Protein chains: 2
Amino acid sequence: MARLNDHFLKLKAGYLFPEIARRVRVFCEAHPEPAQRLIRCGIGDVTEPLPPAVIAAMHRAVDEMAVRETFHGYGPEQGYAWLRAAISQNDFRARGCDVADDEIFVSDGTKCDTGNILDIFGPGNKIAISDPVYPVYVDTNVMAGHTGAANEAGAYARLVYLPCRPANGFVPAPPGRHVDLVYLCSPNNPTGAAATREQLAAWVSYAREHKAVILFDAAYEAYITDPALPHSIYEVPGALECAIEFRSFSKGGGFTGVRCAFTVVPKTLQAQTRSGEFHPLHPLWLRRTTTKFNGVSYISQRGAEVLYSPEGQAQARAVIARYMSNAKILREGVTKAGLKTFGGVNAPYLWVRAPKGVGSWQAFDKILNEANVVVTPGSGFGARGEGYFRLSAFNTRANAEETARRLRELRW
Amino acid sequence: MARLNDHFLKLKAGYLFPEIARRVRVFCEAHPEPAQRLIRCGIGDVTEPLPPAVIAAMHRAVDEMAVRETFHGYGPEQGYAWLRAAISQNDFRARGCDVADDEIFVSDGTKCDTGNILDIFGPGNKIAISDPVYPVYVDTNVMAGHTGAANEAGAYARLVYLPCRPANGFVPAPPGRHVDLVYLCSPNNPTGAAATREQLAAWVSYAREHKAVILFDAAYEAYITDPALPHSIYEVPGALECAIEFRSFSKGGGFTGVRCAFTVVPKTLQAQTRSGEFHPLHPLWLRRTTTKFNGVSYISQRGAEVLYSPEGQAQARAVIARYMSNAKILREGVTKAGLKTFGGVNAPYLWVRAPKGVGSWQAFDKILNEANVVVTPGSGFGARGEGYFRLSAFNTRANAEETARRLRELRW
């Protein structure tokens, strides 16, 4: 009798986006005319086309696949050397981070990597996550059996939740207790908060003291506008001994439909075996990658490579600037509407406090029905998201302006 | 103190292909001139360019990504509906298999899927694999903690090895003992054997009796030439209640560098919870896919879709016919050389018995040094592969002919 993985049965239904879709559908069926003016500011997906340099590079790559002499079959599972070199040079060594080419693992997505990374960690680790949080961190730990059951508020036993509040700028400080693994996401989805160098230094110091590993998700790194903020955790001395960093071309290069990302596992990073010895994690992730993955599409990798050319960088930055102008327009609109707003400066997300006494789903319904705008209820990201909603800057300029106008007119 | 997954430390070094590369390098350095005539018949990667219809479809898809109105961001994690519909219709319903569109999960590779599928199974399953075997099945179970340590011959405790021999046509019959999960690969890598309908029916009958799940890897299905052989395990009545099937566009469409594959999880397939209830596996794989995967490149999916058009099918079949002509040429050459040869009729691999008393690596060295051809030593696929070597038909016609000529001239 084949046995299934019972831990899956602890998972809460993937409630958030299906429930949003259901409410939007009900609204559209009941109100055909307002439905036509519906603006979606909910989902965190890019809307602008790919930079022309990427399009050209991918056309060239497709053409190479048409000719025997330039055809590419299996590539290295960890990514082509030319892409790994471009990444380590531009994203790390150019910023003073001592990351080698072979510490870069090219992959098909940060979502995949933040889930798959758990393969190389054993059971029994005490795991900390922020609240609110990107749900994938939680769900993959539930699947792996690292948690107990969920309580009524949706919090799982054995996870350590780190509250994110206005008081800590939505960046949690290290806890007063011991943990072994901690997920940090900066710039943050959903709150839009970005950690300062001092905040990351406190975490690196904690991790080194506790021999903990930081899983640092920097998928939104390209949206940082404040020059004082670090783009990589490796800008903090000591981080190469305690952190794995996840990066993506999805948001920075518009690659959500193209699929290319990467993970950095420094060779100096160690964890403990059952018998108490320290052992580097790099060979484990290398073995995991070569055994359970077959590399990213050659065409996608050529598309990613060109993002490091001067032309590609300029084009990608122009798209990001456009989204960040949307964020500014939305921020001004929401602030004029009298709502307390966070994020949207170093991240494409705004984290908006609904008026006192208004819950996340109440706010969602009111904004859908009266402004005909779809937002994301903050409670979908965890108990501490209750009373907030997330606004995404991934949209056209016209939609951002119209959303700002409608939110200003909304009476609570 | 973060704890690593100790099971990784049980893995044998990924010995086979690095060791082949090492010996080839030594040979080339010592013999610069013969090195120039080196022919690689070792690695199982396609060599022919992509079909023109695929190239055209991918160019169109790249162009769509350049314009806001036709840009594609995140797609459904399970694959686009148009691709899932084309797959289920052409690969299954057209062959009388009652597979629904939403039982198809588009992925980036069969290697990934056969590894990742273990996420949905619990501990304590008794697992059977063939010997020789595609090493990924073994290594992913070691990583997941489903085995004990390896013995000197490289066999892991707690795995059930099913010997593949000339006497059973290299297709093992169900064992006389109970197992819960069994990997079957047909057409087989490395032996080139393809299971008959009767052989699969015996496995389906066994699995239903034992409430076991068959993990059926049909990545080489497109190479079947015998019209009597089943292409899918679902052609056997009852298989929809006991089998997961893995398919790939890698070998059939030349997609090893493009990355697109799929897995079929029928909704009628169940496994047992810890408390003894039966529960469908489909929702678990759906949850796994939506949580730990972000879908396949839009461009790759459009490339795969066109393989189902009459034009795409004709072009892909022409490439496969070319490889299978290579297989025929190699078979004739090796047979004339007096070596007993299996496979190469319904698979792009030949499984060749070295002369009596000659081990796999001895044969490898002799063929490398005297014929300047690189093969794959059979012992790299398991203890029962000792005394064999694998020849791949993925090559140009000229190389296949020259390899056949050289092997005929070789004196053992």
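Residues numbered from 1 in each chain as written. Chains lettered and ligands numbered in written order. Predicted model: local features only at pLDDT ≥ 70, side-chain atom pairs only at ≥ 80, totals over all residues. Heavy atoms only, no water.

**Q** Explanation requested: the domain arrangement of chain A in the structure shown.
**A** Residues and elements named next belong to chain A. Its domain assignment divides chain A into domain 1 (13–42 + 311–409) and domain 2 (54–308). Placing a centre on the C-alpha atoms of domain 1 and another on those of domain 2 gives a separation of 27 Å. Counting the surface lost from both domain 1 and domain 2, the interface buries some 2200 Å², and carbon and sulfur atoms represent 61% of this. The interface formed by domain 1 and domain 2 includes 0 salt bridges. Among the secondary structure elements, those contributing two or more residues to the side of domain 1 that touches domain 2 are helix H10 (310–336), strand E11 (341–343), strand E12 (349–353) and strand E15 (388–392). In terms of residue count, H10 provides more of the side of domain 1 that touches domain 2 than any other element does, 6 residues in total. By residue class, the composition of the side of domain 1 that touches domain 2 is 14 nonpolar, 8 polar and 2 charged. (Domains from an automatic or database assignment. Buried area = accessible area lost by both parts, 1.4 Å probe. Salt bridge = Lys/Arg side-chain N within 4 Å of Asp/Glu carboxyl O. Helix = DSSP H or I, 4+ residues; strand = E, 2+ residues; numbered from the N terminus. Nonpolar A, V, L, I, M, F, W, Y, C, P; charged D, E, K, R; others polar.)

**Q** Which parts of the structure should I look at to understand the relation of the copies chain B and chain A?
**A** Relating one copy of the chain to the other requires a rotation about an axis plus a shift along that axis. You can overlay chain B on chain A at an RMSD of 0.0 Å; the transform is a turn of 180 degrees with a shift of 0.0 Å along its axis. The superposition of one copy onto the other is thereby described by a two-fold rotation axis. Residue histidine 59 of chain B of chain B places its C-alpha closer to the rotation axis than any other residue of that unit, at 3.1 Å. (Least-squares fit on C-alpha atoms with pLDDT ≥ 70 in both.)

**Q** Any chance you could explain the interface of chain B and chain A here in plain terms?
**A** Interfaces are often sized by the amount of accessible area the parts lose when they come together. The interface is formed by 83 residues belonging to chain B together with 85 residues belonging to chain A. Surface buried jointly by chain B and chain A totals about 7100 Å² across both partners, of which 58% is contributed by carbon and sulfur atoms. Summed over the three residues of chain B that lose the most area to chain A, namely Met1, Arg3 and Tyr74 of chain B, the buried surface amounts to 11% of that side. Counting across the chain B and chain A interface gives 8 salt bridges. At the junction of chain B and chain A, the tally comes to 49 residue pairs in polar contact (both at pLDDT 80 or more). Mapped by element, the contributors of at least two residues to the side of chain B that touches chain A are helix H3 (52–64), helix H5 (110–116), helix H6 (135–143), strand E9 (270–272), strand E10 (278–280), helix H9 (282–292) and helix H10 (298–305) of chain B. The dominant element in the side of chain B that touches chain A, judged by the number of residues it contributes, is H9 of chain B, at 6 residues. Residue composition of the side of chain B that touches chain A, by class: 35 nonpolar, 28 polar and 20 charged. (Contact = heavy atoms within 4.5 Å. Polar contact = N/O pair within 3.5 Å; in protein donor to acceptor, adjacent residues only side chain to side chain.)

**Q** What is the right way to look at the nonpolar core in this model?
**A** Soluble globular proteins tend to pack their nonpolar side chains together in the buried interior. Counting residues in hydrophobic clusters, the biggest one holds 210 residues, and the most contacted among them are Ile214, Tyr234 and Leu391 of chain A together with Ile214, Tyr234 and Leu391 of chain B. The contact partners of leucine 391 of chain B, leaving out residues within four places of it in the chain, are Cys41, Leu330, Val334, Pro348, Tyr349, Leu350, Val352, Val375 and Leu407 of chain B. Residues Phe121 and Val133 of chain A together with Phe246 and Ala271 of chain B belong to the second largest nonpolar core, which totals 64 residues. (Core = buried A, V, L, I, M, F, W, Y, C linked by side-chain atoms within 4.5 Å. Buried < 20%, exposed > 50% of the residue type's maximum accessible area, 1.4 Å probe, protein only.)

**Q** Teacher, can you tell me more about the sheet that holds strand E7 (residues 243–248) of chain A here?
**A** Pairing between the strands of a sheet comes from backbone hydrogen bonds, and it takes one of two forms, parallel or antiparallel. All names here are of chain A. If you walk across this open sheet you meet the 7 strands as E2-E8-E7-E6-E5-E3-E4, and the pairing is mixed. Since the sheet does not close on itself, it has two edges, and those belong to strand E2 (104–107) and strand E4 (159–163), each with one partner. The average undirected angle you get between the axes of adjacent strands in this sheet is 20 degrees. In this sheet, strand E8 (residues 261–264) lies alongside E7 in antiparallel orientation, the contact comprising 4 bridges. Each bridged residue has a counterpart across the sheet, and for glutamate 245 the counterpart in E8 is valine 264. In the packing of helix H4 (residues 81–92) onto the sheet, contacts are made with E2, E7 and E8, and the angle to E2 comes to roughly 115 degrees. (Pairing = 2+ DSSP bridges. Axes fitted to C-alpha atoms, helices over the stretch in contact; angles between N-to-C directions.)

**Q** Please explain the pattern of salt bridges as it appears in this structure.
**A** Oppositely charged side chains are able to pair whenever their charged atoms sit close together. All names here are of chain A. Counted under the stated rule, the structure contains 48 salt bridges over all chains. A salt bridge links arginine 93 to aspartate 101, with the nearest nitrogen and oxygen atoms 3.2 Å apart. Residue classification places arginine 93 among the partly exposed residues on the basis of a relative accessible area of 33%. Aspartate 119 serves as the salt-bridge partner of arginine 288, at 2.9 Å between the closest nitrogen and oxygen. With arginine 288 in helix H8 (residues 282–292) and aspartate 119 in the loop between helix H5 (110–116) and strand E3 (127–131), this pair connects stretches of sequence that are 169 residues apart. There is no split in this pair, since arginine 288 and aspartate 119 are both buried. In this structure, a network of salt bridges that share partners links the residues Glu19, Arg22, Arg23 and Asp365.

**Q** Is there a simple way to think about the environment of isoleucine 117 of chain A in this case?
**A** All names here are of chain A. When you line up the elements, isoleucine 117 lands in the loop between H5 and E3. C-alpha separation for the pair isoleucine 117 and tryptophan 285, spaced 168 residues apart in sequence, amounts to 7.6 Å. Discounting chain neighbours no more than four positions away, the residues touching isoleucine 117 are Leu215, Ile244, Phe246 and Trp285.

**Q** Looking at this structure, I do not really get helix H11 (residues 310–336) of chain B. What am I missing?
**A** Along an α-helix, a turn takes 3.6 residues, which lines up residues three or four apart on a common side. Residues and elements named next belong to chain B. For H11, built from 27 residues, the straight-helix expectation of 39 Å at 1.5 Å per residue is met to within 8% by its first-to-last C-alpha distance of 38 Å. Check the buried side of H11 and you find it contacts H3, helix H8 (250–253), strand E11 (341–343), strand E12 (349–353), strand E15 (388–392) and helix H13 (397–409). Where H11 ends, the next residue or the one after it, glycine 338, has phi of about 85 degrees, a positive value. (Expected span 1.5 Å × (residues − 1).)

**Q** Please explain the packing of aromatic side chains as it appears in this structure.
**A** The relation between two aromatic rings is expressed through the spacing of the ring centres and the mutual angle of the planes. Counting across every chain of the model gives 44 aromatic pairs over all chains. Consider the rings of tryptophan 351 of chain A and tyrosine 388 of chain A, whose centres lie 5.2 Å apart with planes at 10 degrees: the pair is stacked. Taken as a pair, tryptophan 351 of chain A in strand E12 and tyrosine 388 of chain A in strand E15 lie far apart in primary sequence, 37 residues in all. Consider the rings of tryptophan 361 of chain B and phenylalanine 364 of chain B, whose centres lie 5.1 Å apart with planes at 70 degrees: the pair is edge-to-face. (Phe/Tyr/Trp six-rings, centres within 6.5 Å; stacked < 30°, edge-to-face > 60°.)

**Q** Would you mind showing me how to read the pairing of strand E7 (residues 243–248) of chain B here?
**A** For a regular strand, side chains alternate in direction, first toward one face of the sheet and then toward the other. Residues and elements named next belong to chain B. When you tally the buried positions in E7, you get 6 out of 6 residues, the bulk of the element. Burial of the side chains of E7 extends over both faces: Ala243, Glu245 and Arg247 are buried on one face and Ile244, Phe246 and Ser248 on the other. Pairing geometry for strand E6 (residues 213–217) and E7, over 4 bridges, is parallel. Opposite isoleucine 214, over in E7, you have alanine 243 as the bridge partner.

**Q** Any chance you could explain the pairing of E15 of chain B here in plain terms?
**A** Residue and element names in this part refer to chain B. Counting buried residues along E15, 5 of its 5 residues qualify, which places the element largely inside the surrounding structure. The side-chain alternation of E15 yields two buried faces, one formed by Tyr388, Arg390 and Ser392 and the other by Phe389 and Leu391. Strand direction decides the pairing type here: E12 and E15, joined by 5 bridges, are antiparallel. Following the sheet pairing, tryptophan 351 is matched in E15 by arginine 390. Looking at chain direction, strand E14 (residues 376–377) and E15 are connected through 2 bridges and run antiparallel. Its bridge partner being in E15, threonine 376 is matched across the sheet by arginine 390.

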